[in-house]
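Examining the three-dimensional arrangement
These are the residues of each chain, in order.
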Amino acid sequence: SSSSQAAAGCGGGGARRGGGEVPSASAVQDSIRANLLVRMYQVHGHRLAHLDPLGLVERERPAELRVETYGWREDELDTREVFVGDGILRGIASDVRPTKTLREIITLCERAYCGAIGVEFMHVPRRDVCDFFRTRFETPEPYAPDATIRERTWDRLAWAELFERFLGKKFQEKRFGVDGGEVFVPALKALIDRAAYAGVENVTIGMAHRGRLNVLANVLRKPLDLMLREFSGMRAAAGVSSDAASKAAAKKRDEDWGTSGDVKYHLGASHTRPTYHSGHVHLALMANPSHLEAVNPLVEGKTAAKQFYACDRDRRRSMSVVVHGDMSFSGQGVVYETLELATIEQYSTGGTVHVIINNQIGFTTAPHEVRSGTYCSDVAKAIGSPILHVNGDDPDAVVRCAELAADYRTTFGSDIVIDIVCYRRYGHNEIDQPMFTQPLMYAKIDKHPSVLQLYTRRLLADGVLADDADVAERTARIEAIMDGAYERAREAVAAGRDDAAADA
């Protein structure tokens, strides 16, 4: 049965010892207890993970992860040795030293399951899925991306944050920006790159308004000057056109844009862009109304259609990515309704990657006043999807989760969730002023450095970025490109050009 398979796969085996000395009853008991403790870290480690960039809630250590629960004392953790085999800590066992102290076992478990990533996978009734995550988290050495990957992540993060700053400087209205969750942009790009490397040719993306402009500019690479004209209403007037047909077309386009209400946030786009692995991938961001999750089944339908007409029977060449808000993921029925179709043969698209931009607030309401579950992602457990919770202030960890999600989808053809725990730097009410409803939370946010500032300090300390002058030069280059696009947009309008169709 699937439940017995899960128990066999996720729980690990008993202690094993080679020929020779027969272990004492005490040693056997310690090994069994250690096995149980590791199992509890696999199940409950995410409850101690450092997920919240703001540290709003202090997480209490559950009884399952306290040493006294297993009959051990704190003062013997450094001296009590326990036999460790593959069944206890996969990838940790050593033929040279088959035992480890309790302190070493606990340290390895906390590094694996209680860091910036909290992974939930033990509810999945498949041994191969459990082994997939264990082999990637229970490793002898901590995860350490190389300098090239980190420099790329910094560059993508800089584009994302500087884009939000640029819009804030040029346009004073509410933008539904991704400020506070900018790490989502490099994560999405890393996810796409990894999937494309595995053979994905088409990615269909659905998302609501938060961060939509950033995705259009920095992921789909929609021409920035065109988008600025659309965003600000800097369209060439219909009367400027020289002939009747052009005037009529421009007038119709102005009417369409002017009455839709969708100019800034809801329109889609498509683009084929290169990847870092010398390939290409076609991206399509679907149009979406203000009903946040309404686009979900449409994304799956478009991906299914692409797979059908391409004879993609293995569902490997086209992939869905759906971006959610934390409160809408847990609160809107269409999310669950779409999830429930995920494994039905006639509806499956071979696995969707769900990315939650977790603001830790819904408009003006705190999470504990909105839902009964611990996490906004709990509904995904209904279909056995693994969930990667990650601290949005740790870009290395977030990019790692994105790549893991792509690998999981490639390997198992099933849904997976990335829950990026971040915050929203600006408000949730119509005047973008959050201090009325969440004064304590936003007092912390007001003093909190941006993720780009934090990551820049880390890369400077690690020698990935040379010095402050290097950072300033890179930043100035990005700002100059954005300013140039803004000036081109203004010049096009001043000259009476309406070349949006050519640009698009």
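Residues numbered from 1 in each chain as written. Predicted model: local features only at pLDDT ≥ 70, side-chain atom pairs only at ≥ 80, totals over all residues. Heavy atoms only, no water.

Take the pairing of strand S9 (residues 387-391) next. Buried residues dominate S9, accounting for 5 of its 5 residues. With 5 bridges joining them, S9 and strand S10 (residues 416-421) adopt parallel strand pairing. Residue pairing in the sheet places Asn391 in a bridge with Val421 of S10. On the question of chirality, the crossover connecting S9 to the parallel S10 by way of helix H13 (residues 395-412) is right-handed. (Buried < 20%, exposed > 50% of the residue type's maximum accessible area, 1.4 Å probe, protein only. Helix = DSSP H or I, 4+ residues; strand = E, 2+ residues; numbered from the N terminus. Pairing = 2+ DSSP bridges. Right-handed = clockwise from strand over helix to strand, strands pointing away.)

Turning to helix H2 (residues 25-44), a few remarks are in order. For H2, with 20 residues, the first-to-last C-alpha span of 28 Å sits near the 28 Å given by 1.5 Å per residue. For H2, the complete set of buried residues consists of Asp30, Ser31, Ala34, Asn35, Leu37, Val38, Met40, Tyr41, Gln42 and His44. (Expected span 1.5 Å × (residues − 1).)

Right, let's talk about the pattern of salt bridges for a bit. Working definition: two side chains of opposite charge can pair if their charged atoms are close together. As enumerated under the stated definition, the model contains 28 salt bridges in all. Where Arg103 meets Glu74, a salt bridge forms, and the shortest distance between an N and an O atom there is 3.1 Å. A residue pair is termed long-range when its members are at least 10 positions apart, and Arg103 in helix H3 (residues 102-113) and Glu74 in the loop between H2 and strand S1 (81-83) qualify at 29 residues. Accessibility expressed as a relative area gives 30% for Arg103, which makes it partly exposed. (Salt bridge = Lys/Arg side-chain N within 4 Å of Asp/Glu carboxyl O.)

Read across the open sheet, the 8 strands follow the order S3-S9-S10-S8-S7-S4-S6-S5; overall the sheet is mixed. At either end of the open sheet lies a strand with only one pairing partner, and these are strand S3 (117-120) and strand S5 (269-274). On average, adjacent strands in this sheet sit at an angle of 20 degrees to one another, irrespective of strand direction. By the bridge criterion, 6 bridges tie S5 to strand S6 (residues 280-285) in an arrangement that is antiparallel. If you follow Ser270 over to S6, its bridge partner there is Ala284. Lying on the sheet, helix H6 (residues 184-197) is in contact with strand S4 (202-206), S5, S6, strand S7 (318-325), strand S8 (352-358) and S10; it crosses S7 at an angle near 165 degrees. (Axes fitted to C-alpha atoms, helices over the stretch in contact; angles between N-to-C directions. Contact = heavy atoms within 4.5 Å.)

Any functional reading would require information that these geometric values do not contain.
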